[in-house]
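Overview (structure and organization)
Next come the chains, spelled out residue by residue.
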Amino acid sequence: MNTIERNYVQAKEKYASIGVDTDAVLDKLQMIKISMHCWQGDDVKGFLTPEGKLTGGIMATGNFPGAARTPEQLRQDLEKAYSLIPGKHKLNLHAIYLDTKENVDLNGIEPKHFEKWVTWAKREGVGLDFNPTFFSHPMMKDGFTLAHPDRKVREYWIEHGKRSRKIAEYFGKELGQTCINNFWIPDGMKDYPIDRLSPRKRLMESLDKIFTEELDENHIQDAVESKLFGLGAEAYTVGSHEFYMGYGFTRNKLICLDAGHFHPTEVISNKLSSLALFSKGIMLHVSRPVRWDSDHVVLMDDELQDIAKELVRNGLLEKTNIGLDFFDATINRIAAWVIGTRNTQKALMKAMLEPVGQLKEMELAFDFTSRIAFTEELKDFPYADVWNYFCYQHQVPIGLDWLEVVDNYQKEVLELRK
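Worth saying up front: this structure is predicted, and the values here are computed from it rather than measured.

**Quick word on the nonpolar core**
Counting residues in each nonpolar core, the largest one holds 122 residues, and the members touching the most others are Leu93, Phe171, Leu207 and Leu284. Considering each element in turn, this core owes the most residues, 10 residues, to helix α10 (residues 333-352). Each of two domains, domain 1 (1-31 + 355-417) and domain 2 (33-353), supplies a minimum of three residues to this core. Residues within four places of Leu207 in sequence aside, it is in contact with Leu146, Phe183, Ile185, Phe243, Tyr244 and Tyr247.

Listed below in structure tokens is the structure:
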């Protein structure tokens, strides 16, 4: 028995003393698939056009060497990241990440333009999620897409949305895993509008047209994502939280909550239990805002742990799809994926290691003394030994060992890219 195994046996006994079965926790944890976002690997440039210029409220800062510039390079980097993360997961693709030699626009994309991604996903054993791309395109006019007053502009983006749904359906059919197709529309205004209602009415009608065709939910489920503001839309975002709550509830869509898309003093962890009562399901974009939606790499901070606790304590994992959404070009991009994904898994594991049944009984009996005593004492329990054993089980590096692998990859691969 090595040190990792010995430490796990001791941790297992410690948790058993409060009624927690660590083996059962790890069995459950390995079934949770995190949807890792492709756009961390290339700074949200995509492959629709050679220049890949960002517009529409999107910004990646930094110039760390080695960003992927081809689909092949991106897949190579993703494979390296997945090799350092325990378990089998999913990949979240945006429409601009098509892999084809055809000259095709967003309103002409088809499943065939993503066949190489499906072939790769089958080989790697990962599922695929999808996102239509409503930004960084000349047809985003005056800061608007689906809510634009010009019908021709709206029709372009409606067609893109319809085609994106067919691609998501294709992913689900081919891979045998439901593809979550998430709609984020950045339409808005830099300064205060006179008419807030009309753009929202146009957005609602455009989305209704996109979702006209009923598709098999075993293959695809659509989600809608809100935002408070973005670059160039600081004063007014058409697709607000209230808008998409109403739309999701009345149109039977998943509601996506992004940890960075709310007021700086507002958190999404407190919204999960309410949404769960009324929505068909939840899509999470786990991110980290620093004073605004800056999409920093996910840390094991209080909000991440609170999100995980809400999901576990309330039994919401079955109706929640967990994805990541950050893009930091100031650090190694493979490291960003690894840190963010492992932290998300670790937060979920910590939440699962709580004696939730006992804690709820204490609360129901108004025994707040025991509740606070237990939750505080749990902070000192050896969860890291359980996590290390989980990594050991899945034959991925333990502790900081993964960083040496990433450093070597930086020298041998990333720094050689032009």
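**Quick word on the packing of helix α1 (residues 3-16) against helix α13 (residues 383-393)**
Across the interface, α1 lies against α13 with an axial gap of 8 Å and an inter-helix angle of 130°. Relative to α13, the element α1 is oriented oblique. Crossing handedness for the pair α1 and α13: left-handed. Facing α1, whose interface residues are Ile4, Glu5, Asn7, Tyr8, Ala11 and Tyr15, α13 presents Tyr383, Asp385, Val386, Asn388, Tyr389 and Tyr392. Broken down by class, the residue content of the contact of α1 with α13 amounts to 8 nonpolar, 2 polar and 2 charged.

**Remarks on the side chain of His285**
Relative to the elements of secondary structure, His285 occurs in strand β9 (residues 282-286). Within polar-contact distance, the side chain of His285 engages the side chain of Glu225 at 3.3 Å. Excluding residues that lie within four positions of it along the chain, His285 makes contacts with Asn92, Asn182, Glu225, Cys256, Leu257, Asp258, Ala259, Gly323 and Asp325.

**Some remarks on the layout of surface pockets**
Computed from the structure, the largest pocket encloses a volume of approximately 540 Å³. What lines the largest pocket is a set of 21 residues, and nearest its centre among them are Lys33, Leu317, Glu318, Thr320 and Asn321. With 3 residues, the top contributor of residues to the lining of the largest pocket is strand β10 (residues 320-324). Residue composition of the lining of the largest pocket, by class: 7 nonpolar, 7 polar and 7 charged.

**Brief notes about α10**
For α10, which comprises 20 residues, the first-to-last C-alpha distance of 29 Å matches the rise-based estimate of 28 Å (1.5 Å per residue) to within 8%. Most of α10 is tucked away, with 17 of its 20 residues classed as buried. N-cap assignment for α10: the residue whose side-chain oxygen lies 2.9 Å from the backbone N of Ile334 is Asn332.

**Considerations on a nonpolar patch on the surface**
There is a patch of nonpolar side chains on the surface, built from Phe249, Leu277 and Phe278 and spanning about 360 Å² of accessible area. Checked against the element boundaries, Leu277 lands in helix α8 (residues 272-278). Taking the relative accessible area as the measure of exposure, Leu277 reaches 67% and is therefore exposed.

**Focus on empty space enclosed by the protein**
Within the structure shown, the criterion is met by 3 cavities of 30 Å³ or more. Taken as a whole, the largest cavity spans an internal volume of roughly 190 Å³. Around the largest cavity, the lining is made up of 17 residues, and of these Ile58, His94, Phe135, Trp184 and Asp325 lie nearest the centre. Looking at the lining of the largest cavity residue by residue, the classes come out as 7 nonpolar, 5 polar and 5 charged. Considered as a void within the structure, the second largest cavity measures approximately 50 Å³ in volume. Forming the walls of the second largest cavity are Gly57, Ile58, Met59, Lys227, Trp292, Asp293, Ser294, Asp295 and Phe327. A class-by-class count of the residues in the lining of the second largest cavity yields 4 nonpolar, 2 polar and 3 charged.

**Quick notes on the UniProt feature "binding site: Mn(2+)" (unreviewed entry) in the protein chain**
In the numbering used here, UniProt assigns the "binding site: Mn(2+)" (unreviewed entry) feature to His261, Asp293 and Asp295. These annotated residues cover 35 residues of sequence, and their C-alpha atoms all fall within 9.4 Å of one another, placing them together at a single site. Those annotated residues that line the largest cavity are His261, Asp293 and Asp295. Mapped onto the fold, Asp293 is located in the loop between β9 and α9 (302-313). Look past the residues within four positions of Asp293 in its chain and what remains in contact with it is Lys227, Asp258, Gly260 and His261. There is a polar contact of 2.9 Å between the side chain of Asp293 and the side chain of Lys227. With respect to the helices and strands, Asp295 occurs in the loop between β9 and α9. Residue class for Asp295 comes out buried when judged on its relative accessible area of 5%. In this view, Asp295 contacts Ser287, Arg288, Asp325, Phe326 and Phe327; residues no more than four positions away in its chain are not counted. Polar contacts involving the side chain of Asp295 include one to the side chain of Ser287, which spans 2.9 Å.

Here is what the cut-offs are and how they apply
Residues numbered from 1 in each chain as written. Predicted model: local features only at pLDDT ≥ 70, side-chain atom pairs only at ≥ 80, totals over all residues. Heavy atoms only, no water. Core = buried A, V, L, I, M, F, W, Y, C linked by side-chain atoms within 4.5 Å. Buried < 20%, exposed > 50% of the residue type's maximum accessible area, 1.4 Å probe, protein only. Helix = DSSP H or I, 4+ residues; strand = E, 2+ residues; numbered from the N terminus. Domains from an automatic or database assignment. Contact = heavy atoms within 4.5 Å. Axes fitted to C-alpha atoms, helices over the stretch in contact; angles between N-to-C directions. Parallel < 35°, antiparallel > 145°, perpendicular 65-115°, else oblique. Left-handed = near helix turned anticlockwise from the far one by under 90°. Nonpolar A, V, L, I, M, F, W, Y, C, P; charged D, E, K, R; others polar. Polar contact = N/O pair within 3.5 Å; in protein donor to acceptor, adjacent residues only side chain to side chain. 1 Å grid on protein atoms, 1.4 Å probe; cavity = no way out; pocket = protein on both sides within 12 Å on 5 of 7 lines; lining within 4 Å. Points joined across faces, edges and corners; volume = space filled by probe spheres on them. Expected span 1.5 Å × (residues − 1). Patch = residues over 30% accessible without salt bridge, like charges linked within 9 Å, V, L, I, M, F, W, Y side chains within 5 Å. Areas by Shrake-Rupley, 256 points an atom, 1.4 Å probe, with all protein chains shown as cover. Salt bridge = Lys/Arg side-chain N within 4 Å of Asp/Glu carboxyl O. UniProt positions renumbered as here; feature names shortened; annotations may be inferred.

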